[in-house]
Amino acid sequence: MKLLRALAACAAALIVCAGAARAQHDETFLAGYATAVIERDLGLTVIRVEVHEGVAHVVVKNLGEQPEDRITAALMRIEGIERVEVVEAETSETPAAPTPPAAPPEPPEPEKAAATVTKRDGFELLPRDELFGPLIADPREPHFSASYNWYLNDPDLGHVGGATFGETFPLLGGALGSGRWELGFLGGVFSIFDLDAPSYDLLNTDFWVGPTLSARRGGLSTTLRLYHQSSHLGDEFLLRNSDVDRLNLSYEGVDWLVSGDPWPWLRLYAGGGVLIHSSPDLQPLSAQGGVELKSPVAFIDNAVRPIAAFDYSSREENHWREELSGAAGIQLENPALSKMRVQILGTYYKGNSRNGQFFLDRIESIGVGVHFHF
């Protein structure tokens, strides 16, 4: 009930944020911000965005089946934009008059030659953005973070530090009808430390690695992940617990998730997974779903955005007992200059431990952490 009340409070805060008064902002910043929203959240290719006296003039390459009013709704939630005009480049631009043949061009400079490798209507090497965005409340989302967690009513652990290192990197993309597809690679390291021990003993480290295949069309995205995970106990933990029956835990699995963004401030996702090999032998099936809320209004020069998220998962190995994870806080961003996002979050978790060697332990914890997404 405490978690539900906290999530309800976060949702109420987001609604209040949506009604906040709009302020004047630099038009160049607004144009960059609007471009980031259209490309990141709606999956469209932007030709040009200009903002003047509160009016955003947007030219996109191809709307496909994306309605114009969805772009308008997304941009109208940005402080400083009062009206939106959307034009599709393929239908709005008239052919240019023929020009006489020009002399053969000079060989391109290295920077220009490299730029020709990336084409929105063909293959794209090293795309800028992931088509399937990272999950805010998923404890096993590869990213960089540092966190403090207080284990409630646990006989063995009290204050636990967490550190993660990793990311999902898009490598190759291309057109898929009116949408996009993307091949990527994920890698992550997840470690926990006993902060009550004199030397902050390392308890457990999990390694997660594998390829991903993602796609996006408008507000709908999906990802398929083939991964390997291995789990290792810390040396200090083994030295002080010589009687521990260590498992050589490792497995390979496939996860499939589908995500929908009915509005720019709301994201829903669900999916499942299956282990294709495990040592020791584990029950293979799992399920996952969740919701994310992002304030349509950012504060302090469009740099601070309230966010909240909830993730539910369960596994056949743990007799389908629920694993609940909640997070709420703020996101620091500057889309006009960088796609990097910094999230400062309070967290809650109840369920079987997601740390490999302790997966049989039932835990409950509250915490706070700093999370980086690049």
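Summary of the structure given here.

Glancing now at the overall build of the chain. Tallying secondary structure elements over the chain gives six helices and 16 strands in all. Put simply, the chain has 374 residues, and 45% of those count as buried. Accessible surface, the chain as shown: approximately 19100 Å² in total, 62% of it carbon and sulfur.

On to unusual backbone geometry. Across residues other than glycine, the phi torsion is negative in most instances, and most of the peptide bonds are trans. Here the amide bond leading from serine 279 into proline 280 is cis, since omega sits at 0 degrees, within 30 degrees of zero. If you trace the backbone, proline 280 turns up in the loop between strand 11 (266-279) and strand 12 (285-294). In the Ramachandran plot, histidine 319 falls in the positive-phi region, its phi being about 60 degrees despite a non-glycine side chain. On the secondary structure map, histidine 319 appears in the loop between strand 13 (304-315) and strand 14 (322-333). Using a relative accessible area of 69% as the deciding quantity, one classes histidine 319 as exposed. A positive phi angle, close to 60 degrees, is found at tryptophan 320, a residue other than glycine. Mapped onto the elements of the fold, tryptophan 320 is located in the loop between strand 13 and strand 14.

Across all of its chains, the model carries seven aromatic pairs by this definition. Relative to phenylalanine 374, the ring of phenylalanine 144 lies with its centre 5.7 Å away and its plane at 90 degrees, an arrangement referred to as edge-to-face. One end of the pair, phenylalanine 144, is in strand 5 (residues 144-151); the other, phenylalanine 374, is in the segment after strand 16 (362-373), and 230 residues separate them in sequence. In this structure phenylalanine 144 comes out as partly exposed when scored by relative accessible area, which is 32%. Its relative accessible area of 40% is what places phenylalanine 374 among the partly exposed residues. Consider the rings of tyrosine 227 and tyrosine 251, whose centres lie 6.4 Å apart with planes at 85 degrees: the pair is edge-to-face. Here tyrosine 227 is found in strand 9 (residues 220-233), whereas its partner tyrosine 251 is found in strand 10 (residues 250-263), with 24 residues between them in sequence. Take tyrosine 227 and tyrosine 251: they sit in the same class, and that class is buried.

In the sheet, strand 14 pairs with strand 15 (residues 341-352) via ten bridges, with the strands oriented antiparallel. What sits directly across from leucine 332, in strand 15, is valine 342. Here strand 15 runs beside strand 16; their pairing, made up of twelve bridges, is antiparallel. Following the sheet pairing, threonine 347 is matched in strand 16 by glycine 367.

Moving on to a nonpolar patch on the surface. Taken together, the side chains of Leu125, Leu126, Phe169, Leu171, Phe185 and Val209 make up a nonpolar region of the molecular surface, amounting to roughly 540 Å² of accessible area. Positionally, valine 209 belongs in strand 8 (residues 201-217). Residue class for valine 209 comes out partly exposed when judged on its relative accessible area of 34%.

Here the focus is the packing of helix 2 (residues 27-41) against helix 3 (residues 68-76). Relative orientation of the contacting elements helix 2 and helix 3 amounts to 130 degrees, with a least axis distance of 10 Å. In terms of orientation, helix 2 lies oblique with respect to helix 3. The way helix 2 lies across helix 3 gives a crossing that is right-handed. On helix 3, the residues that touch Ala34, Val37, Ile38 and Asp41 of helix 2 are Arg70, Ile71, Ala74 and Leu75. Residue composition of the contact of helix 2 with helix 3, grouped by class: six nonpolar, no polar and two charged.

Reading the values: the criteria
Residues numbered from 1 in each chain as written. Predicted model: local features only at pLDDT ≥ 70, side-chain atom pairs only at ≥ 80, totals over all residues. Heavy atoms only, no water. Helix = DSSP H or I, 4+ residues; strand = E, 2+ residues; numbered from the N terminus. Buried < 20%, exposed > 50% of the residue type's maximum accessible area, 1.4 Å probe, protein only. Areas by Shrake-Rupley, 256 points an atom, 1.4 Å probe, with all protein chains shown as cover. Phe/Tyr/Trp six-rings, centres within 6.5 Å; stacked < 30°, edge-to-face > 60°. Pairing = 2+ DSSP bridges. Patch = residues over 30% accessible without salt bridge, like charges linked within 9 Å, V, L, I, M, F, W, Y side chains within 5 Å. Salt bridge = Lys/Arg side-chain N within 4 Å of Asp/Glu carboxyl O. Axes fitted to C-alpha atoms, helices over the stretch in contact; angles between N-to-C directions. Parallel < 35°, antiparallel > 145°, perpendicular 65-115°, else oblique. Left-handed = near helix turned anticlockwise from the far one by under 90°. Contact = heavy atoms within 4.5 Å. Nonpolar A, V, L, I, M, F, W, Y, C, P; charged D, E, K, R; others polar.

Geometric descriptors of this kind do not, in isolation, establish any biological role.
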